[in-house]
Every structure is written in C-alpha cells, then in structure tokens.
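A closer look at the structure
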Amino acid sequence: MEYRGSTVYNQDDFFSEYIRRKNREDSPNNAIEGPIINELIGKVDRKNILDLGCGDASFGNELLLLGAKTYTGIEGSEHMIKAALTNLKDTVGTIHHTSIEDYHFPTNSFELVTSRFALHYISNIELVFQKIFNSLKENGHFIFSVQHPLTTASFLSKHSGDRRENWIVDDYFRTGERKEPWMNKVVVKYHRTIEQYFNLLRKTGFRIDQLHEGTPKQIHFKSEEEFLRRQRIPIVLVFSCFK
C-alpha cells in the first residue's frame with residue numbers, strides 16, 4: 001500500500017515511531033533543520049504566521065511564545081491534529097484540518113509563511129507557491145524546508161534500511177513522483193532539483209534571499225559519531241524568500 005500526502009501519519013505505528021525519531025536530540029529536525037529555520041526567521045513579534053504542514057504544532061507554540069500575533073497551522077493528518085490541538089491549548093493559535101492543496105489561502109494576510117519538511121509531498125508545487133505568494137503581505141517572508149534533492153533522487157540505497165551507510169544518487173534530473181520505503185511503509189514524495197525549486201520560486205515572483213543545504217554544525221550535536229555521519233551528504237534544503 002502507498003501513502004500520499006499526510007495519510008501515512010494516520011497509521012498508529014508510523015506516527016509513534018516518527019515522533020520518537022523526530023524528538024531525538026540529534027535528529028536532522030533538531031540538529032540541522034531547526035537551527036537554520038530559527039536563524040532565518042529572526043524576530044516574530046506581532047507577526048501573523050501561516051504554517052503549512054504544521055504537524056503537532058510544537059513549532060507554532062514556540063512562535064507564539066516568542067511574540068507572534070497569530071499562528072495558523074494547516075495539517076491533514078488526524079493524529080497530528082490531535083497533537084497540535086494539545087500543544088496549542090490556551091493559546092491564540094488555530095489549526096485547520098485540511099491538506100495544503102485544499103486550504104483556502106486568504107489574500108494579503110500574513111507577514112510570514114513557513115513550511116517544514118512538507119512540500120516534497122506536493123505534486124503541483126507551482127500552484128501552491130502562487131497561493132503562498134498571494135497570501136503574503138508586501139515584503140512578506142516565505143521560509144520552507146524540504147528533503148534535499150540528492151536524497152529524493154533515488155531510494156535504492158534504502159534497501160539496507162532507513163539508516164543508510166552508503167548513498168546512491170541516480171535519476172537526478174528525472175523529476176517527479178518517487179516511492180520511498182520508510183519505517184515499514186511506502187510513502188509517495190516528489191523529487192525536484194535545486195534548479196527547479198529556484199526557477200519556480202522566481203517565476204512566481206519571489207525574491208530569493210538565502211539558500212541553505214543544511215551544513216552540519218558540531219555545536220548542535222550531542223554525538224560526535226552522528227555529527228561525522230551527517231557530514232557525508234546534505235539531507236535538507238532550505239529557502240528563504242520575500243514577496
């Protein structure tokens with residue numbers, strides 16, 4: 001069975017294992033992607049923020065504690081929605097249970113739009129980019145992370161398991177649908193080159209401010225072994241753009 005979009009997170013075993021891995025101190029989320037996102041966002045005081053694929057909204061809770069005016073999370077998974085409602089209890093944060101594709105983006109409404117490890121599940125990303133652009137206020141900020149294209153080009157190296165010791169890069173310029181074996185499930189993602197992301201953002205009208213490939217920094221790792229392992233290949237791609 002194949003899982004598309006957020007549907008895989010509704011599987012009890014997958015959801016539990018995903019949360020466990022994500023919350024590890026040296027997980028890519030905490031040791032690589034998180035520090036980059038926090039640096040790029042800067043101050044969020046009085047900002048209206050939209051978070052696409054918000055997961056359990058723990059990020060939203062952090063943003064509100066830092067002074068965000070409003071936080072709106074979009075999430076398709078029922079399991080994630082339940083966790084998000086718990087994390088945002090007694091805050092001004094709101095959650096919409098819908099897919100990114102089906103969400104009705106209000107125009108000219110947000111100073112900041114974020115999306116963390118979610119847009120590689122989207123087939124028509126050009127349309128989503130356009131909706132995000134329209135929903136931002138003038139000079140609004142769009143920050144998003146996806147799996148690095150070197151890791152989504154081919155999943156042949158995952159035949160030995162999720163903890164890859166060697167990396168096979170193949171079919172890099174053959175963009176489109178990929179089926180990843182991940183935690184005993186098959187998850188559909190969409191592979192795009194860095195060039196393709198760049199050109200689509202420019203075509204939409206965004207000014208690309210920064211691009212990061214997730215260079216590991218030792219200060220963020222507890223394990224020396226894990227730090228050295230993460231220096232082998234980039235696993236995250238982060239864009240910072242302005243309207």
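Provided above is the structure to which this section pertains.
Every value quoted in this text rests on a predicted model; they were computed, and no experiment measured them. (Residues numbered from 1 in each chain as written. Predicted model: local features only at pLDDT ≥ 70, side-chain atom pairs only at ≥ 80, totals over all residues. Heavy atoms only, no water.)

Attention shifts here to the sheet that holds strand E8 (residues 185-191). Strand order in the open sheet formed by 3 strands is E1-E8-E7, with mixed pairing between adjacent strands. Looking at strand neighbours, the two that pair on one side only are strand E1 (2-3) and strand E7 (176-182), the edges of this open sheet. Note: E7 against E8, 7 bridges, orientation antiparallel. Opposite Glu180, over in E8, you have Val187 as the bridge partner. (Pairing = 2+ DSSP bridges. Helix = DSSP H or I, 4+ residues; strand = E, 2+ residues; numbered from the N terminus.)

Once that is clear, we can look at the nonpolar core. Ranked by internal contacts, the top residues of the largest apolar core, which has 28 residues, are Ile41, Leu63, Tyr71 and Ile95. Elements supplying a minimum of two residues to this core: helix H2 (28-41), helix H3 (58-65), helix H4 (78-87) and strand E10 (236-242). Filtering out sequence-adjacent residues up to four positions away, Leu63 remains in contact with Ile41, Val44, Ile49, Ala68 and Tyr71. In terms of nonpolar packing, the next biggest core, distinct from the first, is built from 27 residues, Tyr103, Phe133, Phe142 and Val146 among them. (Core = buried A, V, L, I, M, F, W, Y, C linked by side-chain atoms within 4.5 Å. Buried < 20%, exposed > 50% of the residue type's maximum accessible area, 1.4 Å probe, protein only. Contact = heavy atoms within 4.5 Å.)

Once that is clear, we can look at the pattern of salt bridges. Going through the model one piece at a time under the given rule, you end up with 14 salt bridges. Arg4 serves as the salt-bridge partner of Glu177, at 3.1 Å between the closest nitrogen and oxygen. Linking Glu177 in strand E7 with Arg4 in the loop between E1 and helix H1 (12-22), this pair joins segments that are 173 residues apart in sequence. Among the residues examined, Glu177 registers a relative accessible area of 35% and is labelled partly exposed. When its relative accessible area of 41% is taken as the criterion, Arg4 is described as partly exposed. (Salt bridge = Lys/Arg side-chain N within 4 Å of Asp/Glu carboxyl O.)

Turning to the layout of surface pockets, a few remarks are in order. Summary: where empty space remains is shown by rolling a probe the size of a single water molecule over the atoms. Space inside the second largest pocket adds up to approximately 170 Å³. Contributing to the lining of the second largest pocket are Ala31, Ile32, Pro35, Ile36, Glu39, His212, Glu213, Gly214, Thr215, Pro216, Lys217 and His220. It is H2 that provides the largest number of residues to the lining of the second largest pocket, a total of 5 residues. Class assignment for the residues of the lining of the second largest pocket results in 5 nonpolar, 4 polar and 3 charged. (1 Å grid on protein atoms, 1.4 Å probe; cavity = no way out; pocket = protein on both sides within 12 Å on 5 of 7 lines; lining within 4 Å. Points joined across faces, edges and corners; volume = space filled by probe spheres on them. Nonpolar A, V, L, I, M, F, W, Y, C, P; charged D, E, K, R; others polar.)

This next bit is on the packing of aromatic side chains. Counted according to the given criterion, the structure contains 16 aromatic pairs. Judged by centre distance (6.3 Å) and plane angle (85°), the ring pair of Tyr18 and Trp182 falls under edge-to-face. Here Tyr18, found in helix H1, pairs with Trp182, found in strand E7; they are 164 residues apart in sequence, far enough to count as distant. Neither Tyr18 nor Trp182 differs from the other in exposure class; each is buried. Both rings, one in Phe144 and one in Tyr197, keep their centres 6.1 Å apart while their planes meet at 50°; by these two values the pair is tilted. With Phe144 in strand E6 (residues 136-147) and Tyr197 in helix H7 (residues 194-204), the pair connects residues that are 53 residues apart, well separated along the chain. (Phe/Tyr/Trp six-rings, centres within 6.5 Å; stacked < 30°, edge-to-face > 60°.)

Backbone-to-backbone hydrogen bonds pair the strands of a sheet. The strands run either parallel or antiparallel. Taken together, the 7 strands give an open sheet; going across it, the order is E4-E3-E2-E5-E6-E10-E9, and neighbouring strands pair in mixed fashion. Since the sheet does not close on itself, it has two edges, and those belong to strand E4 (94-97) and strand E9 (207-212), each with one partner. Going across the sheet, the axis of each strand differs from the next one's by a mean of 15°, ignoring polarity. In terms of strand pairing, E6 meets E10 through 7 bridges, oriented antiparallel. Across the sheet, the residue bridging to His141 is Phe242, located in E10. Where H4 meets the sheet, its contacts fall on strand E3 (70-75) and E4, and the angle it forms with E4 comes to roughly 170°. Where H7 meets the sheet, its contacts fall on E6, E9 and E10, and the angle it forms with E10 comes to roughly 15°. (Axes fitted to C-alpha atoms, helices over the stretch in contact; angles between N-to-C directions.)

Let us now look at the environment of Leu40. Relative to the helices and strands, Leu40 is located in helix H2. If sequence neighbours within four positions are ignored, Leu40 has contacts with His141, Ile143, Gln210, His212, Val238 and Ser240.

What follows covers the side chain of Glu33. Note on placement: Glu33 falls in helix H2. Residue class for Glu33 comes out buried when judged on its relative accessible area of 1%. Sequence-distant contacts of Glu33, defined by excluding residues within four places in its chain, comprise Pro28, Arg116, Phe117, Ser145 and Val236.

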